[in-house]
Amino acid sequence: MQVKVRPGDTLWKYSVWFGIPYQLILDSNREVAAGVLAVGDTVQIPGYIWAEHTVIAGDSLWRIATMNGVSVDLLLQSNPELQGEMLSIGSKIAVPRRVTRRVVEARRLYGYGSLLEDMNRLTDIYPFLVRSDIGTSVMGKPIPALGIGNGNKKIHFNGSMHANEWITTPVLMQFLNDYLLSLTNSMDLGGLAMYPQYLTTSLSIVPMVNPDGVNLVVSGPPDGEPHRSEAIAINGGSNDFSGWKANIRGVDLNKQFPALWERDAVQGPQVPAPRDYSGTAPLTEPEARSLAEFTRASGFQRALAFHTQGKVIFWGFEGLEPPQSEVLANEFAAVSGYEAVRNADSTAGYKDWFIQDFRLPGFTVELGSGVNPLPIEQFGEIYDSALSIMLAALYM
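A brief report on the enclosed structure follows. (Residues numbered from 1 in each chain as written. Predicted model: local features only at pLDDT ≥ 70, side-chain atom pairs only at ≥ 80, totals over all residues. Heavy atoms only, no water.)

## Overview of the nonpolar core
- Within the largest apolar cluster, 94 residues are counted, with the highest numbers of intra-cluster contacts made by Ile148, Phe157 and Phe175.
- The element that contributes the greatest number of residues to this core is helix H14 (residues 379–395), accounting for 11 residues.
- For Phe157, the residues in contact, after removing those within four places along its chain, are Leu172, Phe175, Leu203, Ser204, Ile205, Val206, Leu304, Phe306, Met390 and Ala393.
- Counting residues in hydrophobic clusters, the runner-up holds 22 residues, among them Val209, Ala305, Phe317 and Ile355. (Core = buried A, V, L, I, M, F, W, Y, C linked by side-chain atoms within 4.5 Å. Buried < 20%, exposed > 50% of the residue type's maximum accessible area, 1.4 Å probe, protein only. Helix = DSSP H or I, 4+ residues; strand = E, 2+ residues; numbered from the N terminus. Contact = heavy atoms within 4.5 Å.)

## Looking at the sheet that holds strand E13 (residues 339–341)
- In space, the eight strands of this open sheet follow the order E5-E6-E10-E7-E11-E14-E12-E13, with mixed pairing throughout. In this open sheet, the two edge strands, each paired with only one partner strand, are strand E5 (130–136) and E13. Strand-to-strand twist in this sheet, taken as the mean axis angle between neighbours without regard to direction, amounts to 20 degrees.
- Bridge count for E5 against strand E6 (residues 142–148) is six bridges, and the pairing is antiparallel. Across the sheet, residue Ser132 finds its bridge partner in E6, namely Ala145.
- In this fold helix H11 (residues 286–298) packs onto E5, E6, strand E7 (153–159) and strand E10 (201–206), with an angle of close to 130 degrees to the strand it touches most, E5. (Pairing = 2+ DSSP bridges. Axes fitted to C-alpha atoms, helices over the stretch in contact; angles between N-to-C directions.)

## A short note on the layout of surface pockets
- The space that makes up the largest pocket amounts to roughly 520 Å³.
- For the largest pocket, the lining is made up of 26 residues, of which His162, Lys245, Asn254, Lys255 and Glu366 are closest to its centre.
- Contributions of two or more residues to the lining of the largest pocket are made by strand E11 (302–308), helix H13 (350–358) and strand E14 (362–367).
- Ranked by the residues each element gives to the lining of the largest pocket, the list is headed by H13, at three residues.
- Its residues assigned to classes, the lining of the largest pocket comprises three nonpolar, 12 polar and 11 charged.
- Considered as a void within the structure, the second largest pocket measures approximately 230 Å³ in volume.
- At the level of secondary structure, the elements contributing two or more residues to the lining of the second largest pocket comprise E5, E6, E10 and H11.
- Considering every element that reaches the lining of the second largest pocket, the biggest residue donor is E6, with four residues.
- Each residue belonging to the lining of the second largest pocket can be placed in one class, and the counts come to eight nonpolar, seven polar and two charged. (1 Å grid on protein atoms, 1.4 Å probe; cavity = no way out; pocket = protein on both sides within 12 Å on 5 of 7 lines; lining within 4 Å. Points joined across faces, edges and corners; volume = space filled by probe spheres on them. Nonpolar A, V, L, I, M, F, W, Y, C, P; charged D, E, K, R; others polar.)

## Describing the pattern of salt bridges
- Counted according to the given criterion, the structure contains 16 salt bridges.
- Lys141 is paired through a salt bridge with Asp212; the nearest N and O atoms lie 2.8 Å apart. Here Asp212 lies in helix H8 (residues 211–219) and Lys141 lies in the loop between E5 and E6, a separation of 71 residues in the sequence.
- Judged by relative accessible area, Asp212 falls into the buried class, the value being 2%.
- When the shortest N-O distance is used, the salt bridge between Arg342 and Glu321 registers 2.6 Å. One end of the pair, Arg342, is in the loop between E13 and H13; the other, Glu321, is in the loop between strand E12 (312–314) and helix H12 (323–336), with 21 residues separating them in the sequence.
- Classification of Glu321 by relative accessible area gives buried; the value is 9%.
- It is possible to trace a salt-bridge network through shared partners that takes in Glu105, Arg108, Glu117, Asp118 and Arg121. (Salt bridge = Lys/Arg side-chain N within 4 Å of Asp/Glu carboxyl O.)

What follows is the structure, encoded as structure tokens:
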């Protein structure tokens, strides 16, 4: 929500008036040098939207303010043309309304368009949320990353590396929405205060690593050529892509990382396939390459890649993982009810590469159980387990 600066206004006053932590106000207005405001400037207020109230008989500023959970001073600040209690029946009053409910629509078939819709909603309401693009997919779709927090502890989550594991994306997006709500409403999340984490942790989320593949599973083959014909051919002539894990070119992105890739490559298909084809070399695919470059540049201290299914947390690779990995994995298992497993006989995965190259804790979290793609009816149970793991990742 945007407000116009009046004489005497400061970011600190906005923090008090709107009941929003000062750092969130500051981070929502990064272009304001040292918090210095000029009359007429536009200031972003996170966690609020504008509503409109039509004055009826018997209305007063106090009544309107009470109905909407704001102060009279805030109403006057939002409507500088008002003169005290002088209200005209039928006139319109702008009312700042605090957002107290989720805006992410998670329980649905969730393709790339759904992700963009929900990201736009979140970045509009919470301008301290930072969006960037880490690269583009084979078909040219930007691969977004969302950043929240200012701290020195740098943590990374990603989802939908595999196309038919798309449910991991709405899980991540709902978690982000809940985190934002907890910050702007001074509420706990899972019984934990989140504002201290905002100050001490920088969380990066890449919610959909494989947008082309996800759309293939959720919506069917694209209209454009050559991708439509090529995908159908790779899929054996079938338009049923429910078993598809790869990107649009038939390369499995979680078998693309340079962590014993050469061992992995000889075990699976040797040509493009709906799953398990490692490609002709590591990082040939733009999605995997973009994630690797982003990870190298970001200095993450731990990374969690969310997949489905199995209710398992994999945490080791070739004995290269640090001792902290086991501690974290056991805590994740304790809070979620999942099983912590050190070795999965996997190679060339993102988690494997992260552990190998950085010697830091990396995890593959297999959410839920059943046959991929998991049904949306499992979302509540999956989300509860994922939430406990993500909170533990932030707090430990």
